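Each chain, letter by letter, is given below.
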Amino acid sequence: MRAWVTALAACLITLGCAAEPTLVVSAPSPSGTPTVSAPSASATPTAEISNRWVRVPGLPNDGAWERGLRDVSAAGPELAWAIGYTGWEDSVSTSLRAWDGSRWRAVPVQGSLGGLASIDSDGPRNAWMLGGGFDEAFAQHWDGRAWRRYPIRVHGRDVAVDGRRVVVISDTAVLAWNGAAFVTERVLGGKETGLVAVDTGASHTWVAGARGDQQPVIWHGHEGRYEETAFPEGYLNAILQIGPDDVWAVGRAGEQPLVLHWDGRSWQRPAIPPCKGGLESVTAFGPDDVWFAGKDYDAPGGVSVLHWDGRSWTKEAPPPGGAGHHAVIERIPGTSRLWLMVNVDHGDSESIVTFRRE
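Here we summarise the structure given alongside this text.

## A word on the overall build of the protein chain
Then comes step 1: Looking only at helices and strands, the protein chain features 0 helices and 33 strands.
Then comes step 2: A burial count over the protein chain gives 55% of its 358 residues as buried.
Then comes step 3: Across the protein chain, the fraction of contacts at a sequence separation of at least 24, relative to all contacts at a separation of at least 6, is 45%.
Then comes step 4: Carbon and sulfur atoms make up 50% of the accessible area of the protein chain, which amounts to about 15,300 Å² in all.

Below is the structure:
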């Protein structure tokens, strides 16, 4: 099934600043005509530094070059995992760290050459990570006591966990854990299609990717079937299911952030505070408490955070920690706090700065 976005041209004026129109694509009606909804409101066009973001020491060598973070998953205030890489060119290897409630500590990962990395968890006794990428790609499972390693015959791009359901995506396929190994569940797209992000929950699976260089595509899997929705332009970086009728995908379209929202009937592009940059991650405490982070060329430090409270958008920035160009945000279950991991320019490479929103 393929549906195409219909653009609703509108000009919204909020606080004296223009906001982009809402774009909507729905599951086709019997006539195949997509529906169009009214634009949503936007607010707070500029990112102001918020003193609620507190810099948290990471590992002792985070300020050195040739290191970065790709993903973070929190099981609670006393346990979180962050995964990334260290090294340069052919010496790049997967790195893993754990938060124990008071500090970040390094977790050894053996045989991990390659910069592919992702992690997800649904509690303190169930986390999955991906690593490697140069030679042998692998997955590791945390059961609350130790990590156990499993080989994967493809290079995994992203992993999502929901109880016993564990889903990994490669460039072109969805793989599911059968209790002993990852097996192909569905091949999506073709040679010109690349998958980048996945989320799963309540027997639904959502996959974000692109066809070619500039056409975002989202697949929805349920009861063994995958349905495809393509959008006019852009690139997606992350996808999050709050519920089967509440899904967010983020990325970039041209020089602007791209936000897409599924409400159970149609995909919409909400009008968000304008900026020059793109969004790289999304997390949520609930339907009316959703957080986004990414590159913002106009923000202090190069990174900003968006918040949706169910009615309006606000925008803020952490204190500058360097020239940030990649940001991953994650809610901390059991609290109202958030982790924000930022990769900043460091010479010809990058280094890591960690924040927590108190």
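Anyway, onward from the coordinates.
## So, the pattern of salt bridges
Then comes step 1: The final tally for this structure, using the stated rule, is 14 salt bridges.
Then comes step 2: Between lysine 315 and aspartate 296 there is a salt bridge, and its shortest N-O distance comes to 3.1 Å. Linking lysine 315 in strand β30 (residues 313-317) with aspartate 296 in strand β28 (residues 289-296), this pair joins segments that are 19 residues apart in sequence. Both residues of the pair, lysine 315 and aspartate 296, count as buried.
Then comes step 3: Through salt bridges with shared partners, a single network forms among Arg337, Arg356 and Glu358.

## Re the sheet that holds strand β29 (residues 303-308)
Then comes step 1: Taken in spatial order, the 5 strands make up an open sheet running β5-β30-β29-β28-β27, and their pairing is mixed. Of all the strands in the sheet, the pair left with one neighbour each is β5 (48-49) and β27 (277-286).

## Some remarks on the layout of surface pockets
Then comes step 1: Its boundaries defined by the atoms lining it, the largest pocket holds a volume of some 1,200 Å³.
Then comes step 2: Asp71, Asp158, Val198, Ala238 and Ile239 are the residues nearest the centre of the largest pocket, which is lined by 48 residues in total.
Then comes step 3: Counting residues per element, the ones that place at least two in the lining of the largest pocket are β7 (67-76), β11 (118-123), β15 (158-162), β19 (193-201), β23 (235-243), β27 and β31 (324-331).
Then comes step 4: Residues belonging to the lining of the largest pocket are distributed by class as follows: 23 nonpolar, 14 polar and 11 charged.

## Overview of empty space enclosed by the protein
Then comes step 1: Taken as a whole and assessed by the stated rule, the structure comprises 3 cavities of 30 Å³ or more.
Then comes step 2: Lining the largest cavity we find 13 residues, and of these Gly301, Val303, Pro318, Pro319 and Gly321 sit closest to its centre.
Then comes step 3: Residues belonging to the lining of the largest cavity are distributed by class as follows: 8 nonpolar, 5 polar and no charged.

## Brief notes about the side chain of aspartate 71
Then comes step 1: Among the structural elements, aspartate 71 can be located in strand β7.
Then comes step 2: No salt bridge is formed by the buried aspartate 71, whose closest oppositely charged neighbour, arginine 70, lies at an N-O distance of 10 Å.
Then comes step 3: A distance of 3.0 Å separates a polar side-chain atom of aspartate 71 from the backbone nitrogen of isoleucine 119.
Then comes step 4: Discounting residues that sit within four places of it in the chain, aspartate 71 has contacts with Trp81, Ala82, Ile83, Ser118, Ile119, Asp158 and Val328.

## What about the side chain of threonine 94?
Then comes step 1: Turning to its location among the elements, threonine 94 is positioned in strand β9 (residues 93-99).
Then comes step 2: Among the polar contacts made by the side chain of threonine 94, one reaches the main-chain carbonyl oxygen of leucine 116 at a distance of 3.5 Å.
Then comes step 3: Within polar-contact distance, the side chain of threonine 94 engages the backbone nitrogen of glycine 132 at 2.9 Å.
Then comes step 4: Not counting chain neighbours up to four residues away, the residues in contact with threonine 94 comprise Ile83, Gly84, Tyr85, Val109, Ser112, Gly114, Leu116, Ala117, Met129, Leu130, Gly131 and Gly132.

## Comments concerning the pairing of strand β32 (residues 338-346)
Then comes step 1: Of all 9 residues that make up β32, 7 are buried, and the element is covered over most of its length.
Then comes step 2: Sheet topology note: the β31/β32 ladder contains 7 bridges and is antiparallel. In the strand pairing of β32, arginine 331 is matched with leucine 338.
Then comes step 3: Hairpin geometry of β31 and β32 is characterised by an intervening segment of 6 residues between the two adjacent antiparallel strands and by a positive phi of about 85° at glycine 334.
Then comes step 4: Counted between consecutive antiparallel strands, the loop separating β32 from strand β33 (residues 349-357) contains 2 residues, among which glycine 347 sits at a positive phi close to 65°.

## Some remarks on the packing of aromatic side chains
Then comes step 1: Counting across every chain of the model gives 20 aromatic pairs.
Then comes step 2: Seen in terms of ring centroids, tryptophan 65 and tryptophan 88 are 5.8 Å apart; in terms of plane orientation they differ by 25°. Their pairing is stacked. With tryptophan 65 in the loop between β6 (53-55) and β7 and tryptophan 88 in the loop between β8 (79-86) and β9, the pair connects residues that are 23 residues apart, well separated along the chain.
Then comes step 3: Owing to a relative accessible area of 35%, tryptophan 88 belongs among the partly exposed residues under this scheme.
Then comes step 4: Look at tryptophan 206 and tryptophan 262: their rings are 6.1 Å apart centre to centre, the planes differ by 50°, and that puts the pair in the tilted class. Taken together, the residues tryptophan 206 in strand β20 (residues 204-211) and tryptophan 262 in strand β25 (residues 256-262) connect sequence positions 56 residues apart.
Then comes step 5: One aromatic cluster in this structure is built from Trp128, Tyr150, Trp177 and Phe182.
Then comes step 6: Over the ring of phenylalanine 138 we find arginine 149; its NZ or CZ atom is 3.7 Å from the centre of that ring.
Then comes step 7: Positioned over the ring face of tyrosine 297 is lysine 295, at 4.7 Å from the centre of the ring.

Cut-offs used in this document
- Residues numbered from 1 in each chain as written.
- Predicted model: local features only at pLDDT ≥ 70, side-chain atom pairs only at ≥ 80, totals over all residues.
- Heavy atoms only, no water.
- Helix = DSSP H or I, 4+ residues; strand = E, 2+ residues; numbered from the N terminus.
- Buried < 20%, exposed > 50% of the residue type's maximum accessible area, 1.4 Å probe, protein only.
- Contact = heavy atoms within 4.5 Å.
- Areas by Shrake-Rupley, 256 points an atom, 1.4 Å probe, with all protein chains shown as cover.
- Salt bridge = Lys/Arg side-chain N within 4 Å of Asp/Glu carboxyl O.
- Pairing = 2+ DSSP bridges.
- 1 Å grid on protein atoms, 1.4 Å probe; cavity = no way out; pocket = protein on both sides within 12 Å on 5 of 7 lines; lining within 4 Å.
- Points joined across faces, edges and corners; volume = space filled by probe spheres on them.
- Nonpolar A, V, L, I, M, F, W, Y, C, P; charged D, E, K, R; others polar.
- Lys, Arg positive; Asp, Glu negative; His and termini not counted.
- Polar contact = N/O pair within 3.5 Å; in protein donor to acceptor, adjacent residues only side chain to side chain.
- Phe/Tyr/Trp six-rings, centres within 6.5 Å; stacked < 30°, edge-to-face > 60°.
- Lys NZ or Arg CZ within 6 Å of the ring centre and 35° of its normal.

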